[in-house]
Amino acid sequence: MARYVYVNIAILPAKSEKEGDMAVLAPPAIQRSGPPGRSGAARRRRSWTGWAFVGPFMAVFAFVFLAPIGYAIYLSFFRTKLIGGTSFVGLENYQNVFTDSQFWSSFGRVALFLCVQVPIMLFLALLAALAIDSGRLYGKSFFRVTIFMPYAVPAVVATLMWGFMYGPQFGLIGNINDAFGWSLPNPLGPGWLLASIGNIVTWEFVGYNMLIFYSALQVIPRTLYEAAELDGAGQVRIIRSIKLPAIRGALLIATIFSIIGTFQLFNEPAILKSLAPNVITTYYTPNMYAYSLSFAGQQFNYSAAVAIVMALLTAIVAYAVQLRGLRKERVQ
Amino acid sequence: MTINRRAFLRGTAALGTAAAAAAALAACGSDDDSGDNPTVSANDVDAALAAGGTLTVWAWETTLKQVVTAFQAKYPKVTVNLVNAGTGDKQYTALQNAISAGSGVPDLAQIEYYALPQFALGKSLVDLSGFGANSLDGTFTPGPWASVKSGGVTYGLPMDSGPMALFYNKEVFDKHGIAVPATWDEYVAAAKKLHAADPKAYITSDTGDAGFTTSMIWQAGGKPFQVDGTNVKINLADDGSTKFANLWQQLVTDKLVAPISGWSDAWYKGLGDGTIATLVIGAWMPANLESGVAAAKGKWRVAPMPQWTAGGAATAENGGSSLAIPKLGKNNALAYGFMKYATTGEGAQIRVDNGAFPATTEQVNADAFKNKEFPYFGGQKVNEVLAQAASGVVTGWSYLPFQVYANSIFNDTVGKAYVSNTTLADGLKAWQDASVKYGKEQGFTVN
């Protein structure tokens, strides 16, 4: 039961539910309205009244959302050269994206990041949420706040802070090496950098995801646990059979957020670039690639094509995950 | 619905990109290239100065502040707004966007020599021959004067220059009994000796710097970039480039250069505590050392740049910038008036007095300039060495018409040599390939 409620809050409403709502919410006046032969003017006036209500929203939506996207798509059909000016090239920019090894290497990098960092982060967040929800933790609000705290630190500050710690020359790593005579691997070296960024991102977002899971856990009626205990279920069994199924929707939404966030990775590598200029290339992540194409290379058109392809890829992956999540939902 | 902050933050970054793109597009239409170059006589300039007006100058060079004060005292009707629109490529991006958008373009802009051809080629700058700039031949030292010309046309007036020299920490050299290197071979030997004597000390720091690398190739006699209008030749495997790559590879392979990026906190710290023992850098460095590394006062000295052949006197320019008039600037005659004032005669003197390294022959050769003793450098007459360096700049160098972009991808390519088994030579080859590709995409005829 509880599971159903939560899923409906978090994800698009299930189909049956949606239809039910529609039937209830539809104004009876329209159902009963006169014969089909009513004058067009009257019908138009009625439809305009509706638009007047959504108008302000639609205007803002069109201006800040549709227009920039439409404009980016428009841009992506052209090419501007230093010699020769601007010309219409149709889909050529898109063809180039698909054969662009720099773009695909950046995509591969964030895909790897997604496969490794996101599961670790969500697992840690889940663990923290379950621990706090268990009611057995001493000082649970202290833990809740401290785990959430990094999320309140701006990403730029967090990255700078970690960057200083990572420094093998003058940073914390350097100090540790000096003090103990160790030679720890350089977190800013080519082999470790992606993991170092993963560490920063995990630190930043464990608390955020924990809060999503924790609030989902709070919705579960406590009586279920009592019933389960009466049936002889232990904590592990309760987690597996009650808690995890109940927060499946929250897990799904957190996963989708994380996928979007990962594909848009920009701040952390862009800031660390000054500390590791040769490891973090201008095409380290797809967003950095789009950024340097337009700002260093003046290739706005190609940059727009890269951005749009990346948006589509993100949408496809996020949608695939959502479909898979919902299918499991139905099977249960 | 909760907004994911991460997604939101990155979304804003993306919006920024979109906005810049929008600015660029607005440009596409306004490509009215009238082609006629204004002819403005000295009298016109004087009249403009007397009539007065407001000038907007984009520059980050600090000594211009004093110049503006003196200029406004001399021409009370002129108001100069000195705007710091960012340093180096940040300013170029802003300028490029303003030019593209066709609004908000300054009347004068500071443009480094390496970036000037790019703006000249984009037909964004006023050809100064109509202002009689060619009559200034001989006013400026040869290196900078050649740098402000592109395709035989003068696009800017040199503001400062950066003939290279060897800045070294005498205390560190004395402590380990190391002689000041006069050739590059001696430099490598000194690097080895120093690092062996003190594993925490390095001869210098380098994490791959396009400006340094091109200057080193320049001194070695390389001419990797040949530009003739829109025909460009790139050869980063010529004799000079190969000489540099082979030399520097020894230092990189043996980890004799500190992996510290220039201008970072760690860099200043290293310069102060003796862990970075030398800098091969432009003549504008003394003022930066005095302000940035105050703790090392009295320890540093300046020597001529190490040579490829013993007894030589070849140097190269490193950095340095000009003032140029964007075509879309409003009052060109007035702008030229300020520009000439700031770069020659009185203005140049004011800037030299405040620590800039001059690009004018008069100031470079002045006795007062050469004989000035620098307490920071233990009383050494630093400018003697630097003025000598200015006269040894190897001629015939040119930058790419898209050097700003090429430098931005330097660390993607050559930078690999600093963190992997790739050699500098391979890195230079990769840099060449990427630059050739970009040049072709931009409509140049390359190689």
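See the structure printed just above.
For clarity, every value in this text was computed on a predicted model and none was experimentally measured.

**Q** Sorry if this is basic, but what is going on with the sheet that holds strand β1 (residues 53-58) of chain B here?
**A** Sheets are built from strands that pair by backbone hydrogen bonding, the pairs being arranged parallel or antiparallel. All names here are of chain B. What the five strands build is an open sheet, ordered β2-β1-β3-β14-β6; its pairing is mixed. Where the open sheet ends on each side, the last strands, each with one partner, are β2 (78-83) and β6 (157-158). Note that strand β3 (residues 108-112) and strand β14 (residues 321-324) share four bridges and pair antiparallel. What sits directly across from Ala109, in β14, is Ala324. In the packing of helix α4 (residues 89-101) onto the sheet, the strands contacted are β1 and β3, and the crossing angle to β3 comes to about 135°. Running at roughly 55° to β1, helix α13 (residues 332-343) makes contact with β1, β2, β3, β6 and β14 of the sheet.

**Q** Mind showing me how you'd approach the nonpolar core here?
**A** Generally speaking, nonpolar side chains in soluble globular proteins are found buried as a group. The biggest cluster of nonpolar side chains holds 111 residues, and the ones touching the most others in it are B:Ile111, B:Trp248, B:Tyr336 and B:Phe338. Top element by residues in this core is α13(B). It accounts for eight residues. Three or more residues apiece are contributed to this core by two domains, here domain 1 (35-161 + 320-376) and domain 2 (164-318 + 382-446) of chain B. Those residues within four positions of B:Tyr336 in sequence are excluded, and the remaining contacts are B:Val45, B:Leu128, B:Phe131, B:Gly132, B:Ala133, B:Leu136, B:Leu157 and B:Ile325. Counting 66 residues, the second-largest nonpolar core is a separate cluster that includes A:Ile132, A:Val201, A:Ala290 and A:Leu293.

**Q** I tried to follow the packing of helix α7 (residues 140-152) of chain A against helix α10 (residues 193-219) of chain A on my own but got confused; where do I start?
**A** Residue and element names in this part refer to chain A. Running from N to C, α7 and α10 cross one another at 130°; their axes reach a closest spacing of 5 Å. It follows that α7 is oblique to α10 by the angle criterion. Considering only the axes of α7 and α10, their crossing is left-handed. Mapping the contact onto sequence places Lys140, Arg144, Ile147, Phe148, Pro150 and Tyr151 in α7 and Trp203, Glu204, Phe205, Val206, Gly207, Tyr208, Met210, Leu211 and Tyr214 in α10. Here the residues of the contact of α7 with α10 sort into 11 nonpolar, one polar and three charged.

**Q** Where do I start with the packing of aromatic side chains in this structure?
**A** To describe a pair of aromatic rings, you give the distance between the ring centres and the angle between the ring planes. All names here are of chain B. With the rule as written, the count across this model stands at 55 aromatic pairs over all chains. An angle of 80° between the planes, with centres 4.8 Å apart, marks the rings of Phe71 and Phe338 as edge-to-face. Of this pair, Phe71 sits in helix α3 (residues 64-74) while Phe338 sits in helix α13, placing them 267 residues apart in sequence. With relative accessibility at 0%, the residue Phe71 sits in the buried group. Residues Trp184 and Trp308 carry aromatic rings whose centres are separated by 6.0 Å and whose planes lie at 45° to one another, so their mutual orientation is tilted. Of this pair, Trp184 sits in helix α8 (residues 184-197) while Trp308 sits in the loop between β13 (300-304) and β14, and the two are 124 residues apart along the sequence. Overall, the relative accessible area of 1% leaves Trp184 in the buried class. Accessibility expressed as a relative area gives 22% for Trp308, which makes it partly exposed.

**Q** Honestly, the sheet that holds β13(B) in this entry has me stumped. Any pointers?
**A** Residues and elements named next belong to chain B. Read from one edge to the other, the open sheet built from three strands follows the order β12-β7-β13, with strand pairing classed as antiparallel. With partners counted over all chains shown, the strands left at the sheet margins are β12 (278-282) and β13, one partner each. The average undirected angle you get between the axes of adjacent strands in this sheet is 30°. Where strand β7 (residues 164-169) and β12 come together, five bridges link them in antiparallel fashion. In the sheet register, Ala165 faces β12, and the bridge partner there is Ile281.

**Q** Looking at this structure, how should I read the pairing of strand β1 (residues 78-81) of chain A?
**A** The two faces of a sheet get side chains in turn, since along a regular strand they alternate between them. All names here are of chain A. Bridge count between β1 and strand β2 (residues 85-88): four bridges; the pairing is antiparallel. Within the sheet, the bridge partner assigned to Lys81 lies in β2 and is Gly85. Here β1 folds back onto β2 in antiparallel fashion, the turn holding three residues, of which Gly84 has a positive phi close to 110°.

**Q** In this structure, what is going on with α8(B)? I would like to understand it.
**A** For the α-helix, the turn length of 3.6 residues means that residues three or four positions removed from each other point alike. All names here are of chain B. Taking 1.5 Å of rise per residue, 14 residues should cover 20 Å, and α8 covers 20 Å from first to last C-alpha, within 8% of that figure. Restricting attention to buried positions, one finds in α8 the residues Trp184, Tyr187, Val188, Ala190, Ala191, Leu194 and His195. Within α8, the buried residues cover an arc of 160° as seen down the axis, which keeps them to one side. The outward face of α8, more than 90 degrees from its buried face, is lined by the exposed residues Asp185 and Ala196. Looking at the buried residues of α8, the elements they touch are β7, α7 (170-175), β8 (204-205), α9 (210-219), α10 (239-253) and β12.

**Q** I would appreciate a short explanation of the pattern of salt bridges in the present structure.
**A** Pairs can form between side chains of opposite charge whenever their charged atoms are close. A full pass over the atoms with the stated rule returns 10 salt bridges over all chains. Taking the shortest distance from any N to any O, the salt bridge between B:Lys437 and B:Glu441 comes out at 3.4 Å. With B:Lys437 and B:Glu441 both in helix α21 (residues 424-441), this residue pair falls four residues apart, about one helical turn. One continuous salt-bridge network, built from bridges that share partners, spans A:Asp133, A:Arg222 and A:Lys243.

Thresholds, definitions, all that
- Residues numbered from 1 in each chain as written.
- Chains lettered and ligands numbered in written order.
- Predicted model: local features only at pLDDT ≥ 70, side-chain atom pairs only at ≥ 80, totals over all residues.
- Heavy atoms only, no water.
- Pairing = 2+ DSSP bridges.
- Helix = DSSP H or I, 4+ residues; strand = E, 2+ residues; numbered from the N terminus.
- Contact = heavy atoms within 4.5 Å.
- Axes fitted to C-alpha atoms, helices over the stretch in contact; angles between N-to-C directions.
- Core = buried A, V, L, I, M, F, W, Y, C linked by side-chain atoms within 4.5 Å.
- Buried < 20%, exposed > 50% of the residue type's maximum accessible area, 1.4 Å probe, protein only.
- Domains from an automatic or database assignment.
- Parallel < 35°, antiparallel > 145°, perpendicular 65-115°, else oblique.
- Left-handed = near helix turned anticlockwise from the far one by under 90°.
- Nonpolar A, V, L, I, M, F, W, Y, C, P; charged D, E, K, R; others polar.
- Phe/Tyr/Trp six-rings, centres within 6.5 Å; stacked < 30°, edge-to-face > 60°.
- Expected span 1.5 Å × (residues − 1).
- Arc of directions from axis to C-beta.
- Salt bridge = Lys/Arg side-chain N within 4 Å of Asp/Glu carboxyl O.

Keep in mind that these numbers describe shape and distance, not what the molecule does.
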